[in-house]
Amino acid sequence: MTDALTQLRSMQAADLPVHGGRTLAYVYDSGLPDIDRIGREAVAAYAGSNGLDPTAFPSLLRMETEVVGMAADLLDAPESVVGTVTSGGTESVLLAVQAARDAHPGVERPRMVLPSTAHAAFHKAAHYFGVEPVLVPVGPDFRADPAAMAAAMDERTVLVVASAPSYAHGVVDPVTAIAAAAAERGIRCHVDACIGGWVLPYATRLGRDVPAWTFAVEGVTSISVDLHKYAYAPKGTSVLLHRTPELRRPQFFASAAWPGYTMLNSTMQSTKSGGPLAGAWAVLRSLGDEGYERLARDVFEAVDRIRDGVGEMPELAVVSTPDSTLLALTTDGSCDPFTVCDEMAARGWYVQPQMSFAGSPATIHLSVSAATLPHVPELLAALGKAVAAAVAAGPVTVDPAVATFIGDLDPFSLSEEDFDGLLLAAGLVGAAGAEGDLALPQRMAEVNAMLDLASAAMREALLVAFLDRLTRPTRRR
């Protein structure tokens, strides 16, 4: 057992760091070691508990109702509000869509209206549950267009969605107008606040200008908020809140159509470890209102300093003034954003590349945490050097023959041989092709440039093929 733990620590050394404020995607770091310790110990204490039956583990039931209550208080919820703790933002989104669909069994081919910037989890929900996504272009500030959203609603619409904020650009949609239009037509309005839900209320308390988006807005029927983001809880917990019990009821599933116990689930999971819920409860109780206000002050100060620092770099610009803790940066054409991301990684900072979309160029994404604040001068210095290196390196180019090859591929009939050829061209395998070992390159700019050339459907097909190849089993014979 000791050898296995030693090996785990050794393997983990190759992962992105989850502490220190230098990983600006995927993880959210409070910078408080005691909070991390409390969360980990709570997860371990409840790792064997099963949230399947709340009567068998009443402590889990108590923690869930208290966590939901804390979220309800934070989000201006009425006394009628109910909620459920889920495994993450995607599950919360899936359940919001499923509940909206099942609330209208008489609607054939149901639809949901989404701004084009809505999280991809809604497309996943559409795929799983057969709810057609109606995508509405956003305005030049990357916020949803309320008039266009209203015009897209019809008798088949069962859900309308707004973001607080959208992940790609960090801006809050005009929820008040969108929710009013939905309410006028008797349609549910879900606010995806998975990333901003636990920090935007504190932004408002700190005097920052945040558009209204909580249950204080008439017409908002449900909100999702992740606790493993800016509540700084362990992965993975989210809360899905509904304004009334009646709105939530279609979310539940029960089945007595077999000889075993009657299945009764509030989420997509049946068996679920009590660990993440316990970790979230412990962190929420430990930090409290004052702790979260202090962390919000730190993270927004970091955002402001980064934005100001970027403003002094002529090669970079902030895509849209952020309402929350997310920044998207674009370049002036003198350097390649994918190369900037590589150069930042070489300097010990992870920033996330975002592909071009709907006429907008590729961008550099930063999810800022409270732990980043003390390191902002280092971040800006590294960013300046990364930009200079990217300018010196010049634009990333894709071999014209490879570009033509990608353009000629059919995403719906991508073969193993086609994919092997691209892996070889990208340097991700050796000359053995499919027989060779799949190698993850240290620098991804050329690979990202290839993906950026592909259509959305082709990019999806290539990445699915890549994931399939990456996750082939390791056999011990």
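Our structure's up above, just so we're on the same page.
Here we take up the packing of aromatic side chains. One pass over the full model with this rule turns up seven aromatic pairs. When the centroid spacing of 5.1 Å and the interplanar angle of 65° are considered together, the rings of Tyr 28 and Tyr 230 count as edge-to-face. Pair noted here: Tyr 28 is in the loop between α1 (2-12) and α2 (33-45) and Tyr 230 is in the loop between β6 (222-226) and β7 (238-242), with a separation of 202 residues, a long-range link. Of the two residues, Tyr 28 and Tyr 230, both sit in the buried class. Ring pairing ties together the aromatic residues Tyr 28, Tyr 230 and Tyr 232, which thus form one cluster.

Looking at the element boundaries, Arg 248 is found in helix α9 (residues 245-248). Glu 64 is the oppositely charged side chain nearest to the buried, salt-bridge-free Arg 248, at an N-O distance of 6.4 Å. With residues up to four places along the chain from it excluded, the contact list for Arg 248 reads Val 82, Gly 83, Thr 84 and His 242.

Moving on, we get to the pattern of salt bridges. What the rule picks out here adds up to 25 salt bridges. We note a salt bridge from Glu 378 to Arg 22, for which the minimum N-O separation is 3.2 Å. Of the two residues, Glu 378 sits in helix α12 (residues 376-393) while Arg 22 sits in the loop between α1 and α2, which places them 356 residues apart along the sequence. We classify Arg 22 as partly exposed; its relative accessible area is 25%. One salt bridge connects Asp 102 with Arg 101, and the closest N-O pair in it is separated by 2.8 Å. Arg 101 gets classed as partly exposed once you look at its relative accessible area, which sits at 25%. Via salt bridges that share partners, Glu 416, Asp 420, Asp 468, Arg 469 and Arg 472 belong to a single interconnected network.

To continue, consider a nonpolar patch on the surface. Taken together, the side chains of Leu 5, Leu 8 and Met 11 present a nonpolar region at the surface, about 300 Å² in accessible area. Tracing the backbone through its elements, the reader meets Leu 5 in helix α1.

Turning our eyes to something else, we now look at the pairing of β6. A large share of β6 lies buried, amounting to five of its five residues. Residues of β6 alternate between two faces, with Ser 222, Ser 224 and Asp 226 on one and Ile 223 and Val 225 on the opposite face, all of them buried. The pairing of strand β5 (residues 188-192) with β6 spans three bridges and is parallel. In the strand pairing of β6, His 190 is matched with Ser 222. Following the chain from β5 across helix α8 (residues 200-205) to the adjacent parallel β6, one finds a crossover that is right-handed. In this structure, β6 lies alongside β7, joined through five bridges in antiparallel fashion. Considered in β7, the bridge of Ile 223 is made with Leu 241.

Thresholds, definitions, all that
- Residues numbered from 1 in each chain as written.
- Predicted model: local features only at pLDDT ≥ 70, side-chain atom pairs only at ≥ 80, totals over all residues.
- Heavy atoms only, no water.
- Phe/Tyr/Trp six-rings, centres within 6.5 Å; stacked < 30°, edge-to-face > 60°.
- Helix = DSSP H or I, 4+ residues; strand = E, 2+ residues; numbered from the N terminus.
- Buried < 20%, exposed > 50% of the residue type's maximum accessible area, 1.4 Å probe, protein only.
- Lys, Arg positive; Asp, Glu negative; His and termini not counted.
- Salt bridge = Lys/Arg side-chain N within 4 Å of Asp/Glu carboxyl O.
- Contact = heavy atoms within 4.5 Å.
- Patch = residues over 30% accessible without salt bridge, like charges linked within 9 Å, V, L, I, M, F, W, Y side chains within 5 Å.
- Areas by Shrake-Rupley, 256 points an atom, 1.4 Å probe, with all protein chains shown as cover.
- Pairing = 2+ DSSP bridges.
- Right-handed = clockwise from strand over helix to strand, strands pointing away.

Function-wise, these values are silent; they only describe arrangement.
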